[in-house]
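Summary of the model geometry
Spelled out from the first residue to the last, the chains are:
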Amino acid sequence: MAHPSQLGFQDAASPIMEELLHFHDHALMAVFLISTLVLYIITIMMTTKLTNTSAMDAQEIEMVWTVMPAIILIVIALPSLRILYLMDEINDPHLTVKAIGHQWYWSYEFTNYEDLMFDSYMLPTQDLSPGQFRLLEVDNRMVVPMESPIRMLISAEDVLHSWAIPSMGIKTDAIPGRLNQTTFIAPRPGVFYGQCSEICGANHSFMPIVVEATPLNHFQEWSSSMLET
């Protein structure tokens with residue numbers, strides 16, 4: 001959960017988000033080194049009156065400023081491609097959940113169960129309990145077992161939506177007539193918040209996403225209670 005005046009990312013709540021944070025730091029260091037070098041060169045050019053004619057037309061320098069950007073791009077691209085493959089890898093999911101975006105709420109279908117489906121609406125401010133977050137809390141959370149690979153099938157009923165949970169590194173578009181797929185693992189119990197990340201209409205900012213990761217026995221109790229109702 002983000003806090004006021006936070007400058008960085010939220011703490012990682014999934015292995016994929018941990019990889020994304022490492023890649024962010026890796027790429028930021030490359031950008032920092034390039035910016036420092038460019039600033040140094042600009043400063044030298046502005047503060048010295050000396051001009052080296054060999055620096056104005058030299059094959060060696062042209063080779064350097066051609067090869068160095070290529071090397072930097074490779075250093076950034078290789079870990080980026082690795083993370084892309086990890087994000088697309090779905091191997092034997094324990095649970096499949098279908099999230100459908102509506103104007104303006106989410107509905108969930110647990111495809112491993114025959115009749116486990118429900119709608120998830122944002123709680124109005126007057127209905128919030130102490131400790132709950134305004135504009136982020138919902139009446140029905142999506143409960144999943146922790147330490148289990150979860151496959152999400154994401155679509156929309158009317159307009160474009162986007163199912164996003166920043167702490168888990170998930171942001172998948174919900175497109176009418178199309179079924180997108182993503183996966184995540186919650187390594188610890190907790191409640192993770194997100195919001196629709198697509199401008200889908202007047203109440204776009206009022207369709208939050210809440211995922212609650214619990215131990216397996218608690219998930220089984222929750223699913224049994226939902227099926228009874």
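What you see is a predicted model; the values in this text were computed from it and never measured. (Residues numbered from 1 in each chain as written. Predicted model: local features only at pLDDT ≥ 70, side-chain atom pairs only at ≥ 80, totals over all residues. Heavy atoms only, no water.)

1. Comments concerning the sheet that holds strand β3 (residues 117-120)
Taking strand neighbours across the sheet as the criterion, the five strands line up as β3-β2-β1-β5-β8 in an open arrangement whose pairing is mixed. The sheet terminates laterally at β3 and β8 (180-184), the two strands that pair on one side only. Taken over all neighbouring pairs, the strand axes of this sheet differ in orientation by 25 degrees on average, direction set aside. The pairing of strand β1 (residues 95-102) with strand β5 (residues 150-156) spans seven bridges and is parallel. Looking at the pairing, T96 lines up with R151 of β5. (Pairing = 2+ DSSP bridges. Helix = DSSP H or I, 4+ residues; strand = E, 2+ residues; numbered from the N terminus. Axes fitted to C-alpha atoms, helices over the stretch in contact; angles between N-to-C directions.)

2. Details of the UniProt feature "transmembrane region" (unreviewed entry) in the protein
Taking the numbering used here, the UniProt-annotated feature "transmembrane region" (unreviewed entry) corresponds to residues 27-46 and 66-85. Counting secondary structure, residues 27-46 comes out at 100% helix and 0% strand; the distance between its end C-alpha atoms is 29 Å. (UniProt positions renumbered as here; feature names shortened; annotations may be inferred.)

3. Side note on the pairing of strand β4 (residues 142-145)
Of the two faces of β4, the one lined by M142 and V144 and the one lined by V143 and P145 are each fully buried. Summarising the sheet, β4 and strand β10 (residues 208-214) pair through four bridges and their orientation is parallel. Pairing of V143 across the sheet is with E212, part of β10. (Buried < 20%, exposed > 50% of the residue type's maximum accessible area, 1.4 Å probe, protein only.)

4. Section: the sheet that holds β10
Strand order in this open sheet of three strands is β4-β10-β9, and the pairing throughout is mixed. The open sheet terminates on both sides in strands that have one partner only, identified here as β4 and β9 (190-195). Averaged over all neighbouring strand pairs, the angle between strand axes comes to 25 degrees, with direction disregarded. Across six bridges, β9 lies against β10 in antiparallel orientation. Its bridge partner being in β10, V191 is matched across the sheet by E212. Lying over the sheet, helix α4 (residues 216-228) contacts β4 and β10, oriented at roughly 140 degrees with respect to β4. (Contact = heavy atoms within 4.5 Å.)

5. Some remarks on the environment of R178
In this structure, R178 sits in the loop between β7 (170-174) and β8. Distance from R178 to E157, taken between C-alpha atoms, is 9.9 Å for residues 21 residues apart in sequence. In this structure, R178 is in contact with I154 and S155, ignoring residues within four places of it in sequence. Engagement of the side chain of R178 in a polar contact is seen with the side chain of N180, the distance being 3.2 Å. (Polar contact = N/O pair within 3.5 Å; in protein donor to acceptor, adjacent residues only side chain to side chain.)

6. Details of a nonpolar patch on the surface
A contiguous nonpolar surface patch, about 690 Å² in accessible area, is contributed by L37, Y40, I41, I44, M45, V64 and M68. Counting only elements with at least two residues in the nonpolar patch, the list comes to α1 (15-47) and α3 (59-88). Tallying contributions element by element places α1 first for the nonpolar patch, with five residues. (Patch = residues over 30% accessible without salt bridge, like charges linked within 9 Å, V, L, I, M, F, W, Y side chains within 5 Å. Areas by Shrake-Rupley, 256 points an atom, 1.4 Å probe, with all protein chains shown as cover. Salt bridge = Lys/Arg side-chain N within 4 Å of Asp/Glu carboxyl O.)

7. Describing the domain arrangement of the protein
The parts lose accessible area when they come together, and the size of an interface is often stated as this lost area. Domain boundaries in the protein define domain 1 (15-48 + 58-88) and domain 2 (95-228). Its C-alpha centre places domain 1 at a distance of 36 Å from the equivalent point of domain 2. Taken together, the contacts link five residues of domain 1 with seven residues of domain 2. Of the roughly 410 Å² buried between domain 1 and domain 2, counting both surfaces, carbon and sulfur atoms make up 61%. (Domains from an automatic or database assignment. Buried area = accessible area lost by both parts, 1.4 Å probe.)

8. Section: the pairing of β7
Note on strand geometry: in a regular strand, side chains alternate between the two faces of the sheet. Alternating residues of β7 divide into I170, T172 and A174, all buried, and K171 and D173, none buried. Relative to β7, strand β6 (residues 161-165) runs antiparallel, the two sharing five bridges. Each residue of the ladder has a partner; that of H161, found in β7, is A174. Once β6 ends, the chain turns through four residues before running back antiparallel as β7, passing G169 with a positive phi of about 70 degrees.

9. Re the nonpolar core
Judged by nonpolar contacts, the single largest core of 33 residues is most densely connected at Y108, F110, M142, W163 and F184. Listed by contribution, the elements that provide at least two residues to this core are β1, β2 (105-110), β4, β5, β6, β7, β10 and α4. Sorting elements by how many residues they give to this core places β5 first, with four residues. Leaving out residues up to four positions away in the same chain, Y108 has contacts with V97, K98, A99, L116, M117, F118, S120, M142, W163 and I209. (Core = buried A, V, L, I, M, F, W, Y, C linked by side-chain atoms within 4.5 Å.)

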